[in-house]
Amino acid sequence: MTPRTAPGPHGLPVVGNLFPFRRDVLRLLLESRDRFGDVVRFRLGPNILHLAAHPNHVRQVLQERADLYDKETRSSLRIREMTGLGLLTANGETWRRERRLIQPAFRPAAVDGFVERMTEATAAMLDRWEQLKNYPIDVASEMMRLTYTIVGRTLFSTDVASDADDVEHAMSVLLGNTYQRLERIVAPPRWLPTRGNLRFRKALAAVDRVVYRILSARRRQPADAHDLLSILLRERDEETGTGLSDHQLRNETITLLLAGHETTANALAWTFYLLASHPEEMEKLRDEATAVIGDRTPGPDDLTSLPCTERAFKEAMRLYPPIWAMERRAVEEDDLGGFRIPKGSTVVISPWVTHRHPGLWKEPDRFDPGRFSAERIERRPPLAYLPFGAGPRFCIGGHFAMVEGQIITAMVARRWRLRLVPGHPVVPRPGITLRARDGIRITLEPW
C-alpha cells in the first residue's frame, strides 16, 4: 500500500502552523495527537515536520532505522552556533569518534567516583539555606547554581562558584536567543549586528572565558586527576590514535555545561515543585532518607536503597522532561505508521507528548511516583518513557544525571520541608530545555 500523507492541523498560506507553534507549542502538540493520532503532519513555512508520538514510531526513528535519520535539523544547526560541532550536534563518523572518546568518563564506576563531590556541593548549599529558612527562594535558580558547581567539581576539578551567576545569566541568554531563532522561518545571519546577535555574542564570550580558563587551569594540573576533562585529555581513539584538539575540547566542554548543568537543574527544580505540591510524597522521601542515610553522607551504594527517591525523580522527568522535544532529519523517504515521511523533512519525538499518551499512562497528568515500580514498568512499552532519548544517541550522561538527581533529592528531603509560595504562577516555558517561565518560588521549613 502506498503511504498516505499524515493528517494534521490546517495552517495559513506561506507560514503554515508557525503561529500556533510560537503561541503554545506544548498545547498544540498534545491537542494534535489527541485529534489526529500518533503521526501528525505540520508545516512551518517551507519546512515539513511530523510528530511521532507512539513508542513503536519512536523505536523506528531512534533505533530500528536510525541510519535513515540524522541530526542535520534546524534545531541542531542553531545549537551548533552555541556549542560548535561536538557530541550533541555532530553526525556520522565525527559523532562516532567523539562518542568513543567521551564514553569512558560516564561509565558507572567513573560516575560513582564523583558522588563525594556531589554531596559536598549539596551540603554546602543546604548549610547556606539555614540563613534563608522561612523566606521565599527560587529553587530553579538554586538548582542552576548547584548543578553548575557540581559540573565544575566533578567534570573539571575546578571551583566555578564565583562564575555561577554570570554563567546562569549567559546560558539563559544563549538558550533563549537560540530558541527564538528556531521560531522564525528565516533568522538573520549571525554576522549581522542585530540586538539579538550582539547579546548572543556577549553571552557566548562570557561562557567561552570560563571554559578557556577551565581548560588552561586543567592543563596545569596533574594528568592523573580523576575528572572528565583529564579523561578527555588522556583518551586516544582506538582506530586513529588521535585525541581531541583544543577546539574540540572547547566544544565538548560547552556541551557538557549545557547538558550536565542546565538539564539536570531543570529536572531537579520540577522535582521539588511536584514534591512541594504533594507534601505526602515529600514526607515519604524524608522518611526513606532518614532510615537509609541517617545523619551520614550518602554514597553510591545507598542509591539502590532509595526507591521512593528514584521513582519521584523519574516521575518528575515524565511530567516535565528537561528535553521536551528531539528532532531528526529523514535522510531518505520513509514510511512511519503507514504515512509518508518525505526525504529532508523533520520528525519530532516529544517526551512531553509520549509521556502523556493516554494509551500508555493512566491519568497521565497526575503526579504518581508509583508508576515506576518494577511491576508497572513491566506492563509498559520500553519507549513509553524516554527522558534521555533512545538508540545509538541515548544520552551519554543519563546515568550521571540519575545519580546526581537522587543524591540531591534525598539530601534536600532529609533536611527541609518545601512549601510553594501562594499566588506565584508556575508555568512551563519550552525552549531548548523546559524551564519554569517565572521560576519556582518556595519557602524552606525545617522538619
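Here, every reference points to the structure presented above.
Residues numbered from 1 in each chain as written. Predicted model: local features only at pLDDT ≥ 70, side-chain atom pairs only at ≥ 80, totals over all residues. Heavy atoms only, no water.

**Q** Can you walk me through the overall build of the protein in this structure?
**A** Helix and strand content of the protein: 16 helices and 12 strands. Here the protein holds 447 residues, and 55% of them are scored as buried. Taking the contacts inside the protein whose residues are at least 6 apart along the sequence as the reference set, 73% of them involve residues at least 24 apart. Approximately 19,500 Å² of the protein is accessible, and the part contributed by carbon and sulfur atoms is 52%. (Helix = DSSP H or I, 4+ residues; strand = E, 2+ residues; numbered from the N terminus. Buried < 20%, exposed > 50% of the residue type's maximum accessible area, 1.4 Å probe, protein only. Contact = heavy atoms within 4.5 Å. Areas by Shrake-Rupley, 256 points an atom, 1.4 Å probe, with all protein chains shown as cover.)

**Q** Sorry, what's going on with the layout of surface pockets here?
**A** Unfilled space is identified by rolling a water-sized probe across the atoms. By volume, the second largest pocket amounts to about 300 Å³. Together, 17 residues line the second largest pocket, and Ser172, Leu175, Gly176, Asn177 and Arg429 are the ones closest to its centre. It is helix H8 (residues 164-182) that provides the largest number of residues to the lining of the second largest pocket, a total of 7 residues. A breakdown of the residues in the lining of the second largest pocket according to their chemical character gives 5 nonpolar, 7 polar and 5 charged. (1 Å grid on protein atoms, 1.4 Å probe; cavity = no way out; pocket = protein on both sides within 12 Å on 5 of 7 lines; lining within 4 Å. Points joined across faces, edges and corners; volume = space filled by probe spheres on them. Nonpolar A, V, L, I, M, F, W, Y, C, P; charged D, E, K, R; others polar.)

**Q** Mind showing me how you'd approach the packing of helix H6 (residues 115-129) against helix H16 (residues 398-415) here?
**A** The relative placement of two packed helices comes down to the angle between their axes together with the axis-to-axis distance. Contact geometry of H6 with H16 gives a least axis separation of 10 Å together with a crossing angle of 35 degrees. Crossing of H6 over H16 shows right-handed handedness. Contacts from Val115, Met118, Thr119, Thr122, Ala123, Met125, Leu126, Asp127 and Trp129 in H6 reach Phe400, Val403, Glu404, Ile407, Ile408, Met411, Val412 and Arg415 in H16. A class-by-class count of the residues in the contact of H6 with H16 yields 12 nonpolar, 2 polar and 3 charged. (Axes fitted to C-alpha atoms, helices over the stretch in contact; angles between N-to-C directions. Left-handed = near helix turned anticlockwise from the far one by under 90°.)

**Q** Before we go on, may I ask you to explain the sheet that holds strand S9 (residues 416-420) in this structure?
**A** Strand order in the open sheet formed by 3 strands is S4-S12-S9, and the pairing between neighbours is antiparallel. Every other strand in the sheet has two partners, leaving strand S4 (136-138) and S9 as the edge strands with one partner each. Within this sheet the neighbouring strands show an average axis-to-axis angle of 45 degrees, counted without direction. (Pairing = 2+ DSSP bridges.)

**Q** Sorry, what's going on with the sheet that holds strand S3 (residues 69-70) here?
**A** If you trace the 5 strands from one edge of the open sheet to the other, you get S1-S2-S8-S5-S3, paired in mixed fashion. What marks the edges here is a single partner per strand, and that holds for strand S1 (39-44) and S3. Sheet topology note: the S3/strand S5 (residues 326-330) ladder contains 2 bridges and is antiparallel. Directly across from Asp70, in S5, lies its bridge partner Arg329. Contacting S1 and strand S2 (47-52), helix H1 (residues 18-36) runs over the sheet at an angle of about 160 degrees to S1.

**Q** Looking at this structure, I do not really get the pattern of salt bridges. What am I missing?
**A** Two side chains carrying opposite charge are able to pair once their charged atoms lie near each other. Counted by the stated rule, this structure contains 33 salt bridges. We note a salt bridge from Glu130 to Lys133, for which the minimum N-O separation is 3.5 Å. Two residues, Arg286 and Asp287, come together in a salt bridge whose shortest N-O distance is 2.7 Å. The structure contains a network of salt bridges with shared partners spanning Arg78, Glu81, Arg181 and Arg190. (Salt bridge = Lys/Arg side-chain N within 4 Å of Asp/Glu carboxyl O.)

**Q** I would appreciate a short explanation of the packing of aromatic side chains in the present structure.
**A** Geometrically, a pair of aromatic rings is defined through the distance of the ring centres and the angle of the planes. Under the counting rule described, the total for this entry stands at 11 aromatic pairs. Each ring, one from Trp270 and one from Tyr273, has its centre 5.8 Å from the other, and the planes form 80 degrees; the classification is edge-to-face. With a gap of 3 residues between them, Trp270 and Tyr273 both fall in helix H11 (residues 246-277), about one helical turn apart. With respect to burial, Trp270 and Tyr273 carry one shared label: buried. Ring centres of Phe388 and Phe394 lie 6.2 Å apart, and the angle between their planes is 65 degrees; this geometry places the pair in the edge-to-face category. Exposure remark for Phe394: the relative accessible area of 37% places this residue in the partly exposed category. Cluster of aromatic residues (ring-pair linked, three or more members): Trp270, Tyr273, Tyr320 and Trp352. A cation sits over an aromatic face here: Arg190 above Phe200, 3.5 Å from the ring centre. Just above the ring of Trp447 sits the side chain of Arg286; from NZ or CZ to the centre is 4.2 Å. (Phe/Tyr/Trp six-rings, centres within 6.5 Å; stacked < 30°, edge-to-face > 60°. Lys NZ or Arg CZ within 6 Å of the ring centre and 35° of its normal.)

**Q** Just to check I follow, could you spell out the packing of H11 against helix H13 (residues 307-319) for this structure?
**A** It is the contact of H11 with H13, at a shortest axis distance of 9 Å, that shows an interaxial angle of 105 degrees. In terms of their interaxial angle, H11 and H13 are classed as roughly perpendicular. Taking contact as the criterion, the partners of Ala267, Leu268, Trp270, Thr271, Leu274 and Leu275 in H11 are, on H13, Ala312, Phe313, Ala316, Met317 and Leu319. Its residues assigned to classes, the contact of H11 with H13 shows 10 nonpolar, 1 polar and no charged. (Parallel < 35°, antiparallel > 145°, perpendicular 65-115°, else oblique.)

**Q** Help me understand the pairing of strand S12 (residues 441-446) in this model?
**A** Regular strands have side chains that alternate between both faces of the sheet. Of the strand pairs in this sheet, S4 and S12 are connected by 3 bridges, and their pairing is antiparallel. Paired with Asp138 across the strands is Arg441, a residue of S12. As paired strands, S9 and S12 are joined by 5 bridges and run antiparallel to one another. Considered in S12, the bridge of Leu418 is made with Leu444.

**Q** Is there a simple way to explain the nonpolar core in this structure?
**A** Nonpolar side chains in soluble globular proteins tend to be buried together. Core analysis: the biggest nonpolar cluster contains 118 residues, and Trp129, Met143, Phe272 and Leu418 have the highest contact counts within it. Here the element with the most residues in this core is H11; it accounts for 15 residues. (Core = buried A, V, L, I, M, F, W, Y, C linked by side-chain atoms within 4.5 Å.)

**Q** What should I look at first to understand the pairing of S1 in this one?
**A** Taken together, the 6 bridges between S1 and S2 define a ladder with antiparallel strand orientation. In the strand pairing of S2, Val39 is matched with Ala52.

**Q** Would you explain the environment of Leu88 in this entry?
**A** The topology assignment puts Leu88 in the loop between helix H3 (74-83) and helix H4 (92-102). Beyond its immediate sequence surroundings of up to four residues, Leu88 is in contact with Lys71, Ile79, Thr255, Leu258 and Arg393.

**Q** So what exactly am I meant to see when it comes to the environment of Gly423 here?
**A** As for its placement among the helices and strands, Gly423 is situated in the loop between S9 and strand S10 (428-430). Separated by 18 residues in the primary sequence, Gly423 and Arg441 place their C-alpha atoms 9.7 Å from one another.

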